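Commentary on secondary and tertiary structure
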Amino acid sequence: MNSRSFTAFLRGGVALSAALLAACAGNGEGLDANGNPLVPGGSAPPPLSADFESIQENIFTPICSVCHAGATAPEGLRLDAADSYNLLVGVPSTEVPSLDRVKPGDPTDSYIIQKLQGHAAVGAQMPDGCPTTQPCLSASTIAFIQQWITNGAPPAAAAAAAVNAAFAVTSIVPDSMEPVNAAPPQVMVAFNHDLDVSQLATHSAHFEKLAPAAVPTVIEQVPARISVSSANLRALMLWPVRPLSSGHYRLVMDATSSAQISDIAGQQVALGAPDERGETVISTFDVEVQP
Amino acid sequence: MIQRSLLAALILTIVALLRASPASAEPYLAVLEGYKCNVCHVNPTGGGLRNDFGLTYAKVLLPAETVDNTLDSWSGKLTDRLRIGGDLRADWSRETTPNSPSAQSFALEQFRVYADLTILPDRLGIYVDEQVAPNGSQNEEAYVRYGSTTDGFYLKGGQFYLPFGWRLQDQTAFVRQVTGINMTTPDKGVEIGYEHSAWSAEFDLTNGAANASTGSGYQVVTQVVYTKPIWRVGIAGSSTQSNAGDRHMGGLFAGLKTGPIAWLAEGDIVQDDSLERTMAAGLLEADWRLLKGHNLKLTAEYEDPDRAVRNNQETRYSLVYEYTPLPFLQVRAGYRHNFGIPQNNQEHGQLTFFELHGYF
């Protein structure tokens, strides 16, 4: 290099520096952690950190649940605040069932990381192929999720604190005659306490496909497999042993099964409500499989 | 000489066994040399498979040293009509974010293989850009091309990258992220291009990324570039019609050579109806060729994620040293620092990386 080159670079550097000074980062005044204007009286989400509450508020809710919510959530994966943890942690992915969506302690083998990084074996990179309206998450953002998984994927602090409340069902997905546009891989019943999995063998259930009539008539029964992931003892999963076709369904406890389920402290709660025939109905939903 | 060849082959093998990033494109080289993209690349809009001259440049003009005939003779031509090439990038990176544990890892960023089949010389061909690793094969570009890509009109049909601004190697540059047009986001459609003298122009009609799953609209992209030996200027525009919300973009970019230094600049503005906001992004880049095979890259970037909101801008500065010791092998080391609003730790992340880049 010669002095002329150096001078040219120096001049350019000065020009570049001047431009940089003119284009400073924002001071954040009047903004929340996501760069949105503060709403008077509103509460801003916490800055992104490697805990579930922060990840939910900064990533899952504002970005993922735009699509992954409600009855039409892709792959039955709802990432709204009420359901995301229970449908992620210890739950096999539907695209690659050998991989859990979130495997505590192992971000590499957690399917959500593969989908966010764009090297999953099936389907597009999330969010939804990274369209121009929603670019891919940055590596540093994904790193927070990886760190949360490495830390064991603990639930939100609020959920942990619920152990002092009475044992109860907190959500059932899908339920309440929801029309889902694809066969749900499972029905998820969430609780506010860890379940006593030693008693799972006393429970059995099946899906009933009903004919539309004034008095519901069962036209098909599909046995259900019941499981609770060791990674999340607060979510009871009931899996149809074969895919459900279009139709109106309800999930019913077998007549020989206990209708109550216990938490690890021995408290009991009913898994569903009895119908007119005395059967315990856990969930009702409609499957509207798209052709 | 034989030992040197073996060493080069060994290094390339090690690179291949490690990990790799998007298709290679280094527009600063074009600015330094006064070339249009089609001087070195089969694709007239740049990136991907290198042509005869591009390979010669990679073998002779770019590296610090050339090697023996074995490597020197690589032409990429399997037959007179079929040419292949590839890029593999493996790196180690460490990301640090305030109040969070740092993350570091080795990664195979990307391994891509390109192929171009000439059916009718200078008239009809098929081009493929396939990502083969990591984790399975994924098609990036696959199109049929008719016409001259060196002088006159041509037509592309299939899947390809859209022409908009500088086709940078760094797909995470603000100008590439905000516009959403980069070498990880190919689209399906047709492109009419024109190459003549100092002029390059493209007109693309495609699905639009926002319509990929709905089929609800289309995207129109157009770009015009005027290239002179020591400077160039380009203008690009894009309009996407979508049920999710229309999106309109405009961009200006330019390059200038001052001695051994190439200067690149780009400014883009994006109006997105689905996000109900207007965004802006800018890039300034200086590449100083210190010696043959040595390049020092300094970039400064700016992003305004919502023009209607004050105090929310982000900036990013990078310093990267690129050393090309031998043909087809490059070592890169860099440091990047982000700055943003104080209440968001993510916008203050730092990145340090070392990268091996093998290409052929």
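Please refer to the structure placed before this passage.
Residues numbered from 1 in each chain as written. Chains lettered and ligands numbered in written order. Predicted model: local features only at pLDDT ≥ 70, side-chain atom pairs only at ≥ 80, totals over all residues.

**With respect to the overall build of chain A**
Within chain A, the secondary structure is distributed over 6 helices and 11 strands. For chain A, the proportion of its 291 residues judged to be buried stands at 36%. Taking contacts inside chain A between residues at least 6 apart in sequence as the whole, the part at least 24 apart equals 58%. (Helix = DSSP H or I, 4+ residues; strand = E, 2+ residues; numbered from the N terminus. Buried ≥ 20, exposed ≤ 12 C-beta atoms within 10 Å, placed from the backbone. Contact = placed C-beta atoms within 7 Å.)

**Focus on the interface of chain B and chain A**
Each partner contributes to the interface: chain B provides 49 residues, whereas chain A provides 40 residues. For the side of chain B that touches chain A, the element with the highest residue contribution is strand 12 (residues 277-291) of chain B, accounting for 5 residues.

**So, the nonpolar core**
Of all hydrophobic cores here, the largest spans 58 residues; its most connected members are Val187, Met188, Val189, Leu251 and Ile282 of chain A. Summarising the domain contributions, this core has at least three residues from each of domain 1 (52-157) and domain 2 (165-287) of chain A. Within the second largest apolar cluster, 29 residues are counted, among which are Cys37, Cys40, Trp166 and Val175 of chain B. (Core = buried A, V, L, I, M, F, W, Y, C linked by C-beta atoms within 7 Å. Domains from an automatic or database assignment.)

**A word on unusual backbone geometry**
Between valine 173 of chain A and the following residue, proline 174 of chain A, the backbone shows a cis peptide bond with an omega angle of -10°. Inspection of the secondary structure assignment puts proline 174 of chain A in the loop between strand 1 (169-173) and strand 2 (178-180). Backbone geometry places glutamate 75 of chain A, a non-glycine residue, at a positive phi of 60°. Looking at where glutamate 75 of chain A falls in the secondary structure, it is placed in the loop between helix 2 (52-60) and helix 3 (84-88). By the C-beta count within 10 Å, which is 15 here, glutamate 75 of chain A ends up partly exposed. Phi angles above zero are rare outside glycine, and serine 197 of chain B is one such case at about 50°. Take serine 197 of chain B: it is sitting in the loop between strand 6 (187-196) and strand 7 (199-206).

**Brief notes about the packing of helix 2 of chain A against helix 5 (residues 139-150) of chain A**
Residues and elements named next belong to chain A. Axis separation between helix 2 and helix 5 bottoms out at 10 Å; the angle between their running directions is 150°. When the axis of helix 2 is compared with that of helix 5, the two are roughly antiparallel. When you trace helix 2 past helix 5, the crossing you get is left-handed. Across the interface between the two elements, Phe52, Ile55 and Ile59 of helix 2 pack against Thr141, Phe144, Ile145 and Trp148 of helix 5. Looking at the contact of helix 2 with helix 5, its residues break down into 6 nonpolar, 1 polar and no charged. (Axes fitted to C-alpha atoms, helices over the stretch in contact; angles between N-to-C directions. Parallel < 35°, antiparallel > 145°, perpendicular 65-115°, else oblique. Left-handed = near helix turned anticlockwise from the far one by under 90°. Nonpolar A, V, L, I, M, F, W, Y, C, P; charged D, E, K, R; others polar.)

**Here's the deal with the environment of glycine 76 of chain B**
All names here are of chain B. Structurally, glycine 76 is set in the loop between helix 4 (69-72) and strand 1 (82-96). Here glycine 76 falls in the buried class, since 20 other C-beta atoms lie within 10 Å of it. Here the alpha-carbon distance between glycine 76 and aspartate 116, two residues 40 residues apart in the chain, equals 10.0 Å.

**Looking at helix 2 of chain A**
Residues of helix 2 of chain A that are buried include every one of Phe52, Ile55, Gln56, Asn58, Ile59 and Phe60 of chain A, and no others. Next to the buried residues of helix 2 of chain A lie helix 3 and helix 5 of chain A.

**Some points on helix 3 (residues 52-61) of chain B**
By the burial criterion, the buried members of helix 3 of chain B are Gly54, Leu55, Ala58 and Lys59 of chain B. Within helix 3 of chain B, the buried residues cover an arc of 130° as seen down the axis, which keeps them to one side. (Arc of directions from axis to C-beta.)

**Considerations on the pairing of strand 7 (residues 247-253) of chain A**
All names here are of chain A. Burial analysis of strand 7 places 5 of its 7 residues in the buried class, which makes it a mostly covered element. Where strand 4 (residues 205-211) and strand 7 come together, 6 bridges link them in antiparallel fashion. If you follow phenylalanine 207 over to strand 7, its bridge partner there is leucine 251. Examined bridge by bridge, strand 7 and strand 11 (residues 280-287) share 6 bridges and lie antiparallel to one another. (Pairing = 2+ DSSP bridges.)

**Here we look at the environment of arginine 50 of chain B**
All names here are of chain B. Tracing the backbone through its elements, the reader meets arginine 50 in the loop between helix 2 (27-33) and helix 3. As for arginine 50 and tyrosine 114, which are separated by 64 residues in sequence, their C-alpha atoms are 9.1 Å apart. Sequence-distant contacts of arginine 50, that is, excluding residues within four places in its chain, are made with Cys40, His41, Leu55, Ala58 and Gly85.

**Side note on the environment of arginine 101 of chain A**
Mapped onto the elements of the fold, arginine 101 of chain A is located in the loop between helix 3 and helix 4 (111-117). The buried category is assigned to arginine 101 of chain A, around which 23 C-beta atoms lie within 10 Å.

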